[in-house]
Amino acid sequence: PVVDHGFDYVAPLYLRHKFDGTITNSIVYPLTRSLYGHEVRRCLSTSWIGRRILSVAVCGSTNDLARELAGRGAPAGSLVLAEEQTAGRGRGRHRWYSPPGLGLCFSLVLRPRSPLRSAALLQAAAAVGVAHGIMKLTGRPLTLRWPNDVLMNGRKLAGTLVEAIDVEPTEAALVAGIGVNVNQTAESFPPEIATEATSLSLGIPTSTLENDLETMR
């Protein structure tokens, strides 16, 4: 069955798929059992960002899924959440590792009046916003590696990727993707990035992080 997470306008697309893993069309996006849209919306004070949410257990890339939704008319502020990405990416086509249940992976559909002019500014704003949000939550200092990496103790904690897309010949949109390493251990990262990456659980004592998260509930 299809569960409505406030993304009612996309139902015709997903009614073609069964979410128990049975392929009825070319793509299957199983609905997540933990990142439920209504729980995310409950924590938001925004007027339009995140008011429409699609939560999936796994997808190739949340940016690609958000791009698909934008092409089908998703309004500005539509949010895609995934527990796992199998083809997540960063700038320069670098891979973003998103094992199931260990991090935050989400993408936002935006429709500014001048998308191409806004892309570079939004890229910087997204990184600053992610850093500010994490610092506000944890009280820990973070630094930025321009233009899109958020570092904790000199290692990459989060990254952003803003992409412009052509929806129609006379219309364009932006997709802003964000990934945050949350529960990864040192063994969770592939050898090629193990010395460069970190997570909230590695950078902050577990008890402190749990207390910080509890204050958000």
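Relevant structure appears above.
First, a word on what this report is: a plain description of the structure on this page. (Residues numbered from 1 in each chain as written. Predicted model: local features only at pLDDT ≥ 70, side-chain atom pairs only at ≥ 80, totals over all residues. Heavy atoms only, no water.)

Moving on, we get to the overall build of the protein chain. Looking only at helices and strands, one finds six helices and seven strands in the protein chain. Order of helices (α) and strands (β) in the protein chain, N terminus to C terminus: α-α-β-α-β-β-α-β-β-β-β-α-α. For the protein chain, the residues scored as buried account for 43% of the 217 residues in total. Considering only contacts within the protein chain whose residues lie at least 6 apart along the sequence, 62% involve residues at least 24 apart. As presented, the protein chain carries roughly 11,700 Å² of accessible surface, and 55% of it is formed by carbon and sulfur atoms. (Helix = DSSP H or I, 4+ residues; strand = E, 2+ residues; numbered from the N terminus. Buried < 20%, exposed > 50% of the residue type's maximum accessible area, 1.4 Å probe, protein only. Contact = heavy atoms within 4.5 Å. Areas by Shrake-Rupley, 256 points an atom, 1.4 Å probe, with all protein chains shown as cover.)

So, about the environment of Ala172. Tracing the chain through its elements places Ala172 in strand S7 (residues 171-181). The spatial distance from the C-alpha of Ala172 to the C-alpha of Gly71 is 9.3 Å, given a sequence separation of 101 residues.

Here we come to the state of the cysteines. Counting across every chain of the model gives zero disulfides. Considering cysteine sulfurs only, Cys105 is the nearest to Cys59, which forms no disulfide, with 7.9 Å between them. Under the relative-accessibility criterion, Cys59 is labelled buried at 4%. Judged by its relative accessible area of 5%, Cys105 is buried. (Disulfide = S-S within 2.5 Å.)

To continue, consider the layout of surface pockets. By volume, the second largest pocket amounts to about 430 Å³. Classifying every residue of the lining of the second largest pocket gives five nonpolar, four polar and six charged. (1 Å grid on protein atoms, 1.4 Å probe; cavity = no way out; pocket = protein on both sides within 12 Å on 5 of 7 lines; lining within 4 Å. Points joined across faces, edges and corners; volume = space filled by probe spheres on them. Nonpolar A, V, L, I, M, F, W, Y, C, P; charged D, E, K, R; others polar.)

On to the nonpolar core. Proteins that are soluble and globular tend to have nonpolar side chains buried together. In this structure, Val56 and Leu65 are the most contacted members of the largest nonpolar core, which totals 14 residues. Those elements that place two or more of their residues in this core are strand S1 (53-59), helix H3 (62-71), strand S2 (79-85) and S7. Per-element tally for this core: the top contributor is H3, with four residues. Counting residues in each nonpolar core, the second largest holds 13 residues, with Val130, Val150, Ala158 and Ile178 among its members. (Core = buried A, V, L, I, M, F, W, Y, C linked by side-chain atoms within 4.5 Å.)

Attention shifts here to empty space enclosed by the protein. Inspection of the entire model under this criterion finds two cavities of 30 Å³ or more. Around the largest cavity, the lining comprises 18 residues; the ones closest to its centre are Arg89, Trp96, Gly177, Ile178 and Gly179. Mapped by element, the contributors of at least two residues to the lining of the largest cavity are H3, strand S3 (103-110), strand S6 (155-168) and S7. Computed from the structure, the second largest cavity encloses a volume of approximately 40 Å³. Surrounding the second largest cavity, Trp96, Tyr97, Ser98, Pro99, Leu102, Gly103, Leu104, Cys105, Gly179, Val180, Asn181 and Gln184 form its lining. Classifying every residue of the lining of the second largest cavity by side-chain character gives seven nonpolar, five polar and no charged.

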